[in-house]
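# Remarks on the overall topology
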Amino acid sequence: MARNDKPRLIPTGTCWCGCEREVGLGKFFAAGHDKAAEAALIALKYEGSVPHFLHAHGYGPHHSVSAAAVKEGVWMECDECSTKPGYRGTPESVQNHKRKYHRRNDENEDTMSACRSLGQAVRALGGLWDTQRAVTALRDAGIGRGDLQQQEKRAREALRQLADGGLLVKVQDRPVQYRATEK
């Protein structure tokens, strides 16, 4: 939460880093100049040292600045991270983090489910397996979400994992073909 004891700052149309560049309506800085101004201030007041900067404001290993930002409500913590503390940042940053790192968990779950279902089909039917046959078997098992490209990617990954597990043996590279083992 923003504190009311700070003055309300108004953009002037000129970059606040001091470069005198004209900036767009409602902006304080030209692109990237906010970080340049921050670095210049840290160099000027704290010998260019972020640890000195943090220490001067009462933060460090003994008092986490990111935990304080979460506590004050200006940052948030990812509720999907398995380690604690989880990723911390602005709401937009946490959303980007979730899209990048936690969506893959859903994909991994899809792949595991695909491996189980495809493994059952391979054991039951045997013979040669290619991507198209695997896609068809997965669709029949109810694992046909996404467009054809996504389905083929899921099928290829499941075929590779079943080969790694010894249920299939690769007999041809392009186009890829596997043969069921005698297990």
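Residues numbered from 1 in each chain as written. Predicted model: local features only at pLDDT ≥ 70, side-chain atom pairs only at ≥ 80, totals over all residues. Heavy atoms only, no water.

### Considering the pairing of strand S4 (residues 168-172)
Bridge count between S4 and strand S5 (residues 177-180): 4 bridges; the pairing is antiparallel. Directly across from Val169, in S5, lies its bridge partner Arg179. As consecutive antiparallel partners, S4 and S5 are separated by 4 residues. (Pairing = 2+ DSSP bridges. Helix = DSSP H or I, 4+ residues; strand = E, 2+ residues; numbered from the N terminus.)

### Regarding the sheet that holds strand S3 (residues 128-129)
Spatially, 3 strands are ordered S3-S5-S4 in an open sheet, and the strand pairing comes out antiparallel. With partners counted over all chains shown, the strands left at the sheet margins are S3 and S4, one partner each.

### A few points about the pattern of salt bridges
For the structure shown, the criterion picks out 6 salt bridges. We note a salt bridge from Arg88 to Glu77, for which the minimum N-O separation is 3.0 Å. With a gap of 11 residues between them, Arg88 in strand S2 (residues 88-89) and Glu77 in strand S1 (residues 76-77) connect regions that are remote in the sequence. Between Lys98 and Glu80 there is a salt bridge, with its nearest N and O atoms 3.9 Å apart. (Salt bridge = Lys/Arg side-chain N within 4 Å of Asp/Glu carboxyl O.)

### Some details on a nonpolar patch on the surface
A surface patch of nonpolar side chains, amounting to about 230 Å² of accessible area, comprises Leu128, Val169 and Val171. Among the secondary structure elements, Val171 is positioned in strand S4. Owing to a relative accessible area of 46%, Val171 belongs among the partly exposed residues under this scheme. (Patch = residues over 30% accessible without salt bridge, like charges linked within 9 Å, V, L, I, M, F, W, Y side chains within 5 Å. Areas by Shrake-Rupley, 256 points an atom, 1.4 Å probe, with all protein chains shown as cover. Buried < 20%, exposed > 50% of the residue type's maximum accessible area, 1.4 Å probe, protein only.)

### Overview of the pairing of S5
Side chains Tyr178 and Ala180 project from S5 onto a buried face, and the interleaved Gln177 and Arg179 project onto a face without burial. With 2 bridges connecting them, S3 and S5 associate as antiparallel partners. Residue pairing across strands places Trp129 opposite Tyr178, the latter belonging to S5.

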